[in-house]
Amino acid sequence: MWIFTALSGISTVLSYAVPRFRKNYLIPKMVCSFMFLMTGIFAAYAYSAEKAMLDTDHTPMLYSILIVIALFFGFVGDFFVEWREGKHFLIAAVFFGIGHLTYIYSFAFLVSPSLLGYWKQILLGFAALCVVSVIHVIINKIKFVGKNKLVCIYSLCLMISFISAVSRGFICVSGGNTAFGAMLIAAGFLFLASDGALAAMLFGSPLTKRTDAIVLFTYFPAQTLFALSIYFQ
């Protein structure tokens, strides 16, 4: 697990730092994606070997399985983002959306207590996120035209996934499970930052330079942290 975590970081840096990799980014990106997927698989194995086998409650094991499934959908989505120069972005959005739905269910219901008991706080957080999102769209002049309007559905999934991860994270931190909670909070913010930068780059006029670097150095750490959360659940 820790070896693949380290390899995830190394491959991410190299995929951006080596000019040859950036010219044909599909293979380097899939290598990076493979690393966070393997991190999740070995985290699930490590958790099962050390903890889950001693417990008759199968919920932790279900969390492990679903997070690995979500990571796999991210892996496939990464392929379609780069394949044929991004012409199949909507297909990628479908896979990422399924992954986020899996994350939402896992964070909301597979970790105790259920998030339903915090619905007022969650609604306030979601309202604040909507305001921030509108500001982001205006500042970066993001426009979804034609079939790309379907990306709005994915954006909604992303926002709910963010709220679920961060809400669960804060609840876990306050309950004493600091490592698990901190990972979910950090991963949620990093994923949101990554997709926000990606939307500005693909559908708007980003204010910042090197937006591709922002996407790269937030997305892969986010997925790796979600993978590691399996072990620290």
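An account of the accompanying structure is given in this report. Not measured: the values here are computed from a predicted model.

Calculation criteria
Residues numbered from 1 in each chain as written. Predicted model: local features only at pLDDT ≥ 70, side-chain atom pairs only at ≥ 80, totals over all residues. Heavy atoms only, no water. Core = buried A, V, L, I, M, F, W, Y, C linked by side-chain atoms within 4.5 Å. Buried < 20%, exposed > 50% of the residue type's maximum accessible area, 1.4 Å probe, protein only. Helix = DSSP H or I, 4+ residues; strand = E, 2+ residues; numbered from the N terminus. Contact = heavy atoms within 4.5 Å. Expected span 1.5 Å × (residues − 1). Patch = residues over 30% accessible without salt bridge, like charges linked within 9 Å, V, L, I, M, F, W, Y side chains within 5 Å. Areas by Shrake-Rupley, 256 points an atom, 1.4 Å probe, with all protein chains shown as cover. Salt bridge = Lys/Arg side-chain N within 4 Å of Asp/Glu carboxyl O. Phe/Tyr/Trp six-rings, centres within 6.5 Å; stacked < 30°, edge-to-face > 60°. Lys NZ or Arg CZ within 6 Å of the ring centre and 35° of its normal.

Before going further, it helps to examine the nonpolar core. Among the nonpolar cores identified, the biggest contains 56 residues, and Y63, Y103, F107, F191 and F226 are the most heavily contacted of them. When residues of this core are traced back to their parent elements, those giving at least two are α3 (26-50), α4 (59-82), α5 (89-109), α7 (151-174), α8 (178-203) and α9 (211-232). Here this core takes twelve residues from α9, the largest share from any one element. With sequence-adjacent residues up to four places away left out, F191 is seen in contact with H100, Y103, Y154, L158, Y219, A222, Q223 and F226. One finds I122, M159, F162 and I163 within the second-largest nonpolar core, a separate group that totals nine residues.

What follows is about α7. The terminal C-alpha atoms of α7, which comprises 24 residues, lie 35 Å apart, in line with the 34 Å expected from a rise of 1.5 Å per residue. G176 sits one or two residues past α7 and shows a positive phi near 105°.

Here the focus is a nonpolar patch on the surface. A grouping of I3, L7, I10, L14 and F21 is seen on the molecular surface, where their side chains present a nonpolar patch of about 440 Å² in accessible area. Tallying contributions element by element places helix α1 (residues 2-17) first for the nonpolar patch, with four residues.

With that settled, the discussion passes to unusual backbone geometry. Following S112, the chain continues into P113 via a peptide bond in cis, with omega recorded as -5°. Structurally, P113 can be placed in the loop between α5 and α6 (119-139). Of note in the backbone geometry, K141 takes a positive phi value of approximately 55° without being a glycine. As for its position among the elements, K141 is in the loop between α6 and α7. Backbone geometry at R210 places phi at a positive 55°, although glycine is not the residue there. Within the fold, R210 resides in the loop between α8 and α9. A relative accessible area of 52% means that R210 is categorised as exposed.

This next bit is on the packing of aromatic side chains. For the coordinates displayed, the defined rule picks out 26 aromatic pairs. Geometrically, the ring pair formed by F96 and Y219 is edge-to-face, given 6.1 Å between the ring centres and 85° between the ring planes. Linking F96 in helix α5 with Y219 in helix α9, this pair joins segments that are 123 residues apart in sequence. Taking relative accessible area as the criterion, F96 reaches 12% and is therefore assigned buried. Taking relative accessible area as the criterion, Y219 reaches 6% and is therefore assigned buried. Of the aromatic side chains, those joined through ring pairs into one cluster are F36, Y63, F96, Y103, F107, F180, F191, Y219, F220 and F226. Above the face of the Y16 ring, R22 is positioned so that its terminal group lies 4.3 Å from the ring centre.

Bear in mind that shape data such as this cannot, by itself, settle questions of function.
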